[in-house]
Amino acid sequence: MITGMQTASTNICERMGRSQELSDAKRGPVIGCHLCNKSIRDISWLLNIPRSTVSGIITKWKQLRTTATQPPSGGPRKMTERGQRMMKRTVRRSRQLSAESIAKELQTSCGLQISTTTVCRELHGTGFHGRAAASKPYITKCNATCRMLWCKARRHWTLEQWRCVLWSDESHFSV
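Small disclaimer: the values here were computed from a predicted structure and weren't measured.

Considering the packing of helix H5 (residues 81-93) against helix H7 (residues 116-126)
- At a minimum axis distance of 11 Å, the contact between H5 and H7 shows a crossing angle of 80°. It follows that H5 is roughly perpendicular to H7 by the angle criterion. For the pair H5 and H7, contact is made by Gln-84, Met-87, Lys-88 and Val-91 and by Val-119, Glu-122, Leu-123 and Thr-126, respectively.

Focus on helix H4 (residues 51-64)
- Compared with an ideal rise of 1.5 Å per residue, which puts 14 residues at 20 Å, H4 spans 20 Å between its outermost C-alpha atoms and is within 8% of the ideal.
- Buried within H4 we find Thr-53, Val-54, Ile-57, Ile-58 and Trp-61. One side of H4 carries all its buried residues, which in axial view fall inside an arc of 130°. Facing away from the buried side of H4 by more than 90 degrees, the exposed set consists of Arg-51, Ser-52, Lys-62 and Gln-63.
- Those residues of H4 hidden inside the fold are in contact with helix H2 (24-35) and helix H3 (40-47).
- Of the residues one or two after H4, Arg-65 is the one with positive phi, at around 55°.

Comments concerning the side chain of Thr-67
- Relative to the assigned elements, Thr-67 resides in the loop between H4 and H5.
- On the accessibility criterion, Thr-67 (14% relative accessible area) is buried.

Some remarks on H5
- Between its terminal C-alpha atoms H5 stretches 18 Å, which fits the 18 Å expected from 13 residues at 1.5 Å a residue.
- Buried within H5 are the following residues: Gly-83, Met-86, Met-87, Thr-90 and Val-91. The buried residues of H5 occupy an angular sector of 135° when the element is viewed end-on, so they sit on one face. Facing away from the buried side of H5 by over 90 degrees, the exposed positions are Glu-81, Arg-92 and Arg-93.
- On its buried face, H5 sits against helix H6 (99-110) and H7.

A short note on the packing of H5 against H6
- The interhelical angle for the contact between H5 and H6, taken along N-to-C directions, is 130°, at an axis separation of 10 Å. With respect to H6, the axis of H5 lies oblique. Of the two elements, H5 crosses H6, and the hand of that crossing is right-handed. Contacts between H5 and H6 involve Arg-82, Gly-83, Met-86, Met-87, Thr-90, Val-91 and Arg-93 from the first element and Ile-102, Glu-105, Leu-106, Ser-109 and Cys-110 from the second.
- Its residues assigned to classes, the contact of H5 with H6 comprises 6 nonpolar, 3 polar and 3 charged.

Parameters at a glance
- Residues numbered from 1 in each chain as written.
- Predicted model: local features only at pLDDT ≥ 70, side-chain atom pairs only at ≥ 80, totals over all residues.
- Heavy atoms only, no water.
- Axes fitted to C-alpha atoms, helices over the stretch in contact; angles between N-to-C directions.
- Helix = DSSP H or I, 4+ residues; strand = E, 2+ residues; numbered from the N terminus.
- Parallel < 35°, antiparallel > 145°, perpendicular 65-115°, else oblique.
- Contact = heavy atoms within 4.5 Å.
- Expected span 1.5 Å × (residues − 1).
- Buried < 20%, exposed > 50% of the residue type's maximum accessible area, 1.4 Å probe, protein only.
- Arc of directions from axis to C-beta.
- Left-handed = near helix turned anticlockwise from the far one by under 90°.
- Nonpolar A, V, L, I, M, F, W, Y, C, P; charged D, E, K, R; others polar.

It is worth stressing that arrangement in space is one thing and function is another; only the former is reported here.
The structure is reproduced here in structure tokens:
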């Protein structure tokens, strides 16, 4: 038999996404069920809310006697959307710039007083990561002459002779 509580509350929360937060109206029934001595598992099943969410709401209510969303910790963001766009444009224009030089350029162009740490964090957030280029040794004069001698020695080879050579630098791609 389905009670009025079950039918009204089953539609409170259709499967939530990871970043969604329950509204105060949806948190109320959780606390109501908790005060009626329902278990976390029962509340989760009744309201169709994940157990971890139910547990978090009850814990917050026990500690703060409220279920309202608290303001986030930390200060406001220093980097604005305009600053992020300018930073992206600067990095795309010249990828060799350091975080310090990007911070100085943003200070002159936007008037933003930001640290190099903030620049690094924002760059990581937008998908830019500093990478050291792989070092490739130059061809030495000795190696160049050895290559030339190898080529001259095989200059008159036939196609059948070349077919016997194993080419290790070839890559196969299927499109």
